[in-house]
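# Structural overview for review
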Amino acid sequence: MYVPLTWLSEYVTVDRPLRDLVSLLAMSGIEVESVERETPFTDHFVVARVLKIGRHPQAERLSFVDVDDGQGGRQVVCGAQNFQVGDRVVLALPGAILPDGREITEGVIRGVTSSGMLCSAEELDLFADHSGLFLVPEDVAPGTPLAAAHPGVGPTLELSLTPNRADCLSIRGMAREIGALTGAPVQGRTPIVHEDQEGADAATLASVKVIATERCPRYVGRVLEGVQVGPSPLWLVERLAACGIRTINNVVDATNYVMLELGQPLHAFDLDTLDGSGVEVRLAAEGETLLCLDGIERKLRSEDLVICDARGPVALAGVMGGAPTGVKVATTRLLLESARFDPLSTRKSARFHGLHTDSSHRFERGVDPTAQGEAADRLAELIVELAGGRVARGQLAVGEGKPAPVVIPLEPDWVRSYTGVSLSDADISTHLTWLGFAVDQQNNLCWQVIAPTWRMDMAQPADLAEEVVRRWGYQNLPTTTPTAPITSPGRPPLWSVGRKVRELLTGAGCHETVTYAMTPAAWLDQIQLTAGDPRRLVARLKNPLSEEMAVLRPLLLPSLLTVASFNQNRQNRDLALFEIGPVFRCHTSGTRPVELPTLAITLMGRRHPRTWDSPSDREVDIFDLRGLLEHLVAGLKVLPLEFRPNGSERFLTSSRAWSIQRGGEELGWAGELSPRVGRAFGLEAPVMVAELRLDQLVAERVVRDRPRGLPAYPRSSRDMAVTVPGDTAAGEVLMAIRDLAEPLVEDITLFDIYEGEQVGSGKKSLGFSISYRATDHTLTDKEVSEVHQRIISLMGERFSGALRT
Amino acid sequence: MASSLLSLEQEAMKDIAAAADENSLMQVKARYLGKNSELTARLKELGTLPPEERKAAGQAVNVSKKKLEELVAARAEYLRDHTDVGPALDLSLGGRHLPLGSVHPLRQIGQQIEDIFIGLGFSLEESPHVESEWYNFDALNMPDGHPARDMQDTFYVEGGTLLRTHTSAAQIHTMLRQPPPLRMICAGAVYRADDIDPTHSPMFHQVELLMVDHSVTFADLKGVLSAFAAEMFGPGLPLRFRASYFPFTEPSAEVDILCFKCRGHDPHCRVCKGTGWLEILGCGMVNPVVFQKLDRPSYLAPGVRGFAAGMGVERIAMLKLGITDMRLLFDNDIRFLRQF
């Protein structure tokens, strides 16, 4: 919404500097996005008279022009053609700064000196015009500053309005608002229509019928005859341009002008093109079409509200008129439309047909229900002024023009207690009165407040409380604190888990990432999910920004791979990354996805920073990954995870992959990324990846009421080296010893694995350190030996193992 | 004689200090304190002295002897220290580092906000990312066709749901779960169909706040937010309310904080762009229409009212960290992450 201050001043006197007005509006809820044309034309812009026009010797399209700038002659190179010797033009002298920021300098254009620039209306930011130079009336003396000869529209506010303030979508509406805020009276004027007393009644010339009365509660028509369509005067063109509307002709411009002035969208039909000389407001029949003013034929739906003549639709109600019945140069008889259409109906039609017009914008937000008659008269008045013609007697009015006002009960005590602002009754009623409300204080505990007809956003006491505080000044709001009992704030079960995981993983050198939940569908192929993989049942966006963000991620892995690739391409290939976030899975296609809290880890390159004495330049392998996960489990104090070798995930190298389980439940997977998948993401080095369900990870915690006491009796440690067949899984041997559940065995560590000459080919040696302890006495050698022997026996029986000697 | 004892002592001290290893120290010890040393000889000679000199001379020799013995012992300890620890080290070298990780800056700021409100007694609530239209819009007084829906470009999900456009839906979930009084916040990702640029992202993060109680006021809301701002941005920075519009609050306000960088004194301030104020969040009193939509008698009881606020985590992070391009927060460039 644009508000030229010169236009505004016809309604209200602004008594303060522009900057103060802008901040007052901002505090009161109307953001001024920019002030256009804020600085008037400087003295570098003057009127000049064309003395001589010569063709540029080297450029066909350019001419050099001798002008009289009031001080004398000067030569300017110019590309326009629309002027003659003697015309008054606008000259920007060297040093002038054009509205678009360009500075004019003296220069040589293709060998010809040009000391200034002749300006078009567009270059002066007056209005859009491609015909050439802006021409000034001939009675202006050369050398007159442009600011004096043609100041233009002047400073214009560009407003950003919230959807509740439909009443501010007009110059008069903004005048009311500014008047209310500053305490300045608003001048109104009633349009004067000189009806043609000798001519026919409007009702005999045209008819208006409303069938869909719920969607069109009010329709006011006016008939004009003998109108002469032509170009609009400069002042009108410029005001419309300042408000972002291009001139079309005097009649159409008048409809737009009155819409901007009063906020009521209007339309003019060429009455002679209306079959049956009248209109009917009804719902469209499915399949009816309308060739709109933008030249596009639209297929209508049965829920579209349309204006029809005897043949069919002539306008999409409140959105756009039809081309065949629009105003053309030859038009002489008009049917003017000033109506009120249902906001939701207008919005749905506008949306469906992809049209967002100045008219639909206003109807969607609501128009003053009492303004239709006035706007029809104002339009008739202006058209007669601009295009001549006679106004036929009477309005063609359908529906109620003065609906019952909105009355809101308001307790002044409640206003004080709701806002926390101590305002007197008189203050409250004064603020409301200034804003156009009528306050009936007969019952001094509970008033009856009547909202002005243009405030469609007023419905309840809270709305009035805002109005009062708004006018009083939001910036004055006191600062108090509520009193509330001390409580223990609840926290979601996984909240502390997330924090602990962050603490443990960052402590172990990992960096947390945050990536988009919307991902490309192609990633599912890139990680080689099979056609039947349930993770392919993704939730798809109906309106993604691009194919790159089309599905909600069913796993975190590809997001982290993309981050790894991004960093690798920036010469950072030593990466330890993790992300905590939801993944989205659908049970069946198209159903609402479940959101699973998930943790993913990616390791690549070296784990330790490279220094003068790095432990090694070794790159990460799956045991770094597993170690990190086991570190996490220990730190979270949850029951240990089982790492089952499992090559079923196709994005993992099958011989280096685990399924992570606990008690038969699958929590996730870990392993080395398949090099094929790595290459698909542009990753060169081996990448270790893991992903597991955070909620399942912490589902089974180590429960311990109190710390165990310190042992009272000493430990006895023994090592053993066992030779077993080379394909024996060392972890299983360890598990088997644990499974013996010997009460005296306190701890078992696998401290060495050896393969080589000393054990013979096809065999390997496992070194275990076993510590023994009893809680109630010091162990004897005999006791330890007995248990140790049982373990050795187990080695032999289960694993064909032999004690190495 | 006393002077010759002194020179002997000094000579011995020099040799002890010069002994470079344990072997040579033993030789020095033997030379000055051994059986054939001069000190031993002198002790033996004491008997030959006249009785009146004997006592003083004996004392002098014993003091020297004790002193040298102590020096030898100290030197021995020193030498042991050095030979035990191995060869000399280059002390100019840096240490061996452990890898240092980082919590993402958005999470750090989010956690800070959560902690502040937990401290004020607000519970933490959760709300789904994939949401129904009713929770995201209708229940918040944005029925189908409401122009306010245009303020938020929504991603729709196949199957009739959408990605939440704000965390405000958590207000509804929480109020349907429990009766008033309540104090809650909800933090998390929200989604809007905005193209990625320095100040927009199709996914960003919000923290929602809601308090419902009998006597709370609009001014109390300012008090709670002031307490938050003092913790977040430092004490002594006033808040400023500006009138605004959200369908689910009435009255509504945008909240500015006095620029923490220039406190309104620098017309060229890069943080506040010379305006002196920084917009940090939106808020208001819960619109009674929202309570009505809940259809819960406890929220319709006379006097029940509330206030709500919503803030953008990226916005606060960018202000606090001095970041001008939001994309940095989602690129996950390790060079950036390492700084946190």
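None of these values were measured; they are calculated from a predicted model.

To continue, consider the overall build of chain A. Along its length, chain A carries 21 helices and 39 strands. Expressed along its principal axes, the backbone C-alpha trace of chain A runs to roughly 130 × 85 × 55 Å. When each of the 805 residues of chain A is scored for burial, the buried share is 52%. Sequence separation of at least 24 residues holds for 69% of the intrachain contacts in chain A that already meet a minimum separation of 6. For chain A, the exposed area adds up to about 36200 Å²; of that, 51% sits on carbon and sulfur atoms. When the 82 positive and 104 negative side-chain charges of chain A are each reduced to one mean point, those points stand 6 Å apart.

A tally of regular secondary structure across chain B gives 13 helices and 10 strands. A compact globule built from 340 residues would reach a C-alpha radius of gyration of about 20 Å, whereas chain B, at 40 Å, exceeds it by more than 25%. The buried share of chain B, taken over its 340 residues, is 54%. Long-range contacts, defined here as pairs at least 24 residues apart, represent 67% of the contacts in chain B between residues at least 6 apart. As presented, chain B carries roughly 15500 Å² of accessible surface, and 53% of it is formed by carbon and sulfur atoms. In chain B, 35 side chains carry a positive charge and 43 a negative one; their mean positions are 9 Å apart.

Looking now at the environment of B:Thr217. Its place among the elements puts B:Thr217 in the loop between β6 (203-213) and α8 (218-233). In sequence terms B:Thr217 and B:Val130 are 87 residues apart; their C-alpha atoms lie 33 Å from each other. Apart from the residues lying within four places of it in its own chain, the contact partners of B:Thr217 are A:Ser417, A:Tyr418, A:Thr419, A:Gly420, A:Thr480, B:Met285, B:Arg305 and B:Phe307. Of the polar contacts made by the side chain of B:Thr217, one reaches the backbone nitrogen of B:Ala219; its length is 3.2 Å.

This part takes up unusual backbone geometry. A cis amide bond links B:Pro180 to the next residue, B:Pro181, at an omega of 0 degrees. With respect to the secondary-structure elements, B:Pro181 resides in the loop between α7 (169-177) and β5 (182-191). Along the chain, B:Glu250 connects to B:Pro251 via a cis peptide bond; the corresponding omega equals -5 degrees. Locating B:Pro251 in the fold gives a position in strand β8 (residues 249-258). One non-glycine residue, A:Asp125, lies in the positive phi region at around 60 degrees. Among the secondary structure elements, A:Asp125 is positioned in the loop between β9 (117-118) and β10 (135-136).

Let's shift gears to the interface of chain A and chain B. With 88 residues of chain A at the contact, the number on the chain B side is 90 residues. Taking both sides of the interface into account, the surface hidden between chain A and chain B amounts to around 7500 Å²; carbon and sulfur atoms contribute 58%. The tally of links from chain A across to chain B stands at five salt bridges. We note a salt bridge from A:Arg499 to B:Glu114, for which the minimum N-O separation is 2.9 Å.

Here we come to helix α9 (residues 358-365) of chain A. Residue and element names in this part refer to chain A. Within α9, six of the eight residues are buried, which leaves the element mostly enclosed by the surrounding structure. Among the residues of α9, Ser-359, Ser-360, Arg-362, Phe-363, Glu-364 and Arg-365 are the ones counted as buried. Trailing α9 by a residue or two, Gly-366 shows a phi angle of about 100 degrees, which is positive.

Through backbone hydrogen bonds, the strands of a sheet pair up, either in parallel or in antiparallel fashion. All names here are of chain B. In space, the three strands of this open sheet follow the order β2-β4-β3, with antiparallel pairing throughout. Across the chains shown, the open sheet's two edge strands, defined by having one partner strand only, are β2 (130-131) and β3 (156-157). Bridge count between β3 and strand β4 (residues 161-163): two bridges; the pairing is antiparallel. Along β4, the bridge assignment pairs Val-157 with Thr-161.

Moving on, we get to the pattern of salt bridges. Opposite charge on two side chains makes pairing possible when the charged atoms of those side chains draw close. All names here are of chain A. Enumeration over the complete set of coordinates arrives at 69 salt bridges over all chains. Among the ionic pairs, Arg-455 bridges to Asp-167, the shortest N-O distance being 3.8 Å. Of this pair, Arg-455 sits in the loop between β26 (447-450) and α13 (461-472) while Asp-167 is found in the loop between β11 (156-160) and α4 (171-182), placing the two residues 288 residues apart along the sequence. Asp-167 matches Arg-455 in its accessibility class, with the two residues each being buried.

So, on to the sheet that holds strand β25 (residues 438-440) of chain A. All names here are of chain A. The strand order across the open sheet formed by three strands is β24-β26-β25, and the pairing between neighbours is antiparallel. What marks the edges here is a single partner per strand, and that holds for β24 (407-410) and β25. Ignoring which end each strand starts from, the neighbouring axes of this sheet average 25 degrees apart. Bridge analysis of β24 against β26 gives four bridges, and the strand direction is antiparallel. Across the sheet, Pro-409 pairs through a bridge with Gln-448, a residue of β26. In the packing of α13 onto the sheet, contacts are made with β24 and β26, and the angle to β24 comes to roughly 75 degrees.

In this structure, A:Met518, B:Ile113, B:Leu225 and B:Phe241 are the most contacted members of the largest nonpolar core, which totals 93 residues. What B:Phe241 contacts, discounting residues up to four positions off in sequence, is A:Met27, A:Tyr474, A:Gln475, A:Leu477, B:Phe218, B:Leu221, B:Lys222, B:Leu225, B:Ala253, B:Glu254, B:Val255 and B:Cys283. Among the nonpolar cores identified, the runner-up in size contains 51 residues, and A:Leu157, A:Ile171, A:Leu266 and A:Leu382 belong to it.

Residues and elements named next belong to chain A. With respect to the helices and strands, Thr-513 occurs in the loop between β27 (511-512) and β28 (518-519). Using a relative accessible area of 0% as the deciding quantity, one classes Thr-513 as buried. Of note is the side chain of Thr-513, whose polar atom sits 2.6 Å from the side chain of Glu-579.

Attention shifts here to the packing of aromatic side chains. All names here are of chain A. Summed over the entire model, instances satisfying the criterion amount to 20 aromatic pairs over all chains. A ring pair is formed by Trp-7 and Tyr-257, whose centres lie 4.3 Å apart and whose planes are at 15 degrees; its orientation type is stacked. In this pair, Trp-7 sits in helix α1 (residues 5-8) while Tyr-257 sits in helix α7 (residues 250-262), placing the two residues 250 residues apart along the sequence. This pair shows no difference in class: Trp-7 is buried, exactly as Tyr-257 is. Linked through ring pairs, Trp-7, Trp-235 and Tyr-257 together constitute an aromatic cluster. A cation over an aromatic ring shows up here: Arg-570 above the ring of Phe-566, its NZ or CZ 3.6 Å from the ring centre.

Taken residue by residue, chain A gives an average pLDDT of 93. The fraction at 70 or more is 100%. Across chain A, β27(A) holds the top mean pLDDT of 98, while strand β7 (residues 107-109) of chain A sits lowest at 82.

Glancing now at the packing of helix α2 (residues 18-27) of chain A against α4(A). Residue and element names in this part refer to chain A. Across the interface, α2 lies against α4 with an axial gap of 11 Å and an inter-helix angle of 95 degrees. Compared by their axis directions, α2 and α4 come out roughly perpendicular. Contact residues: Leu-21, Leu-24 and Leu-25 in α2; Met-174, Ile-178, Leu-181 and Thr-182 in α4.

One can find B:Ile196 in the loop between β5 and β6. B:Ile196 sits 103 residues away from B:Tyr299 along the chain, and the two C-alpha atoms are 40 Å apart. Residues within four places of B:Ile196 in sequence aside, it is in contact with A:Tyr516, A:Met549, B:Pro202 and B:Arg327.

The next subject is the side chain of A:Arg773. All names here are of chain A. Looking at the secondary structure, you find Arg-773 in the loop between β38 (763-772) and α21 (781-799). At 2.7 Å, the side chain of Arg-773 and the backbone oxygen of Tyr-713 are in polar contact. Separated by 2.6 Å, the side chains of Arg-773 and Glu-746 make a polar contact. With sequence-adjacent residues up to four places away left out, Arg-773 is seen in contact with Pro-711, Tyr-713, Pro-714, Arg-715, Pro-743, Leu-744, Glu-746 and Leu-779.

Residues and elements named next belong to chain A. Here Cys-78 shows up in strand β5 (residues 73-78). Once the C-alpha coordinates of Cys-78 and Leu-423 are considered, the two residues, 345 residues apart in sequence, prove to be 65 Å apart. Once you skip the residues sitting within four places of it in the chain, Cys-78 turns out to touch Arg-61, Leu-62, Ser-63, Val-65, Phe-83, Leu-118 and Leu-133.

Residues and elements named next belong to chain A. The alternating pattern of strand β12 (residues 207-210) places Val-208 and Val-210 on a buried face, while none of Ser-207 and Lys-209, on the opposite face, is buried. With four bridges joining them, β12 and strand β15 (residues 278-283) adopt parallel strand pairing. Paired with Lys-209 across the bridge in β15 is Glu-280.

What counts, and at which threshold
Residues numbered from 1 in each chain as written. Chains lettered and ligands numbered in written order. Predicted model: local features only at pLDDT ≥ 70, side-chain atom pairs only at ≥ 80, totals over all residues. Heavy atoms only, no water. Helix = DSSP H or I, 4+ residues; strand = E, 2+ residues; numbered from the N terminus. Buried < 20%, exposed > 50% of the residue type's maximum accessible area, 1.4 Å probe, protein only. Contact = heavy atoms within 4.5 Å. Areas by Shrake-Rupley, 256 points an atom, 1.4 Å probe, with all protein chains shown as cover. Lys, Arg positive; Asp, Glu negative; His and termini not counted. Charge placed at Lys NZ, Arg CZ, Asp CG, Glu CD. Rg over C-alpha atoms; globule rule 2.2 N^0.38 Å. Polar contact = N/O pair within 3.5 Å; in protein donor to acceptor, adjacent residues only side chain to side chain. Buried area = accessible area lost by both parts, 1.4 Å probe. Salt bridge = Lys/Arg side-chain N within 4 Å of Asp/Glu carboxyl O. Pairing = 2+ DSSP bridges. Axes fitted to C-alpha atoms, helices over the stretch in contact; angles between N-to-C directions. Core = buried A, V, L, I, M, F, W, Y, C linked by side-chain atoms within 4.5 Å. Phe/Tyr/Trp six-rings, centres within 6.5 Å; stacked < 30°, edge-to-face > 60°. Lys NZ or Arg CZ within 6 Å of the ring centre and 35° of its normal. pLDDT = per-residue confidence, 0-100. Parallel < 35°, antiparallel > 145°, perpendicular 65-115°, else oblique.

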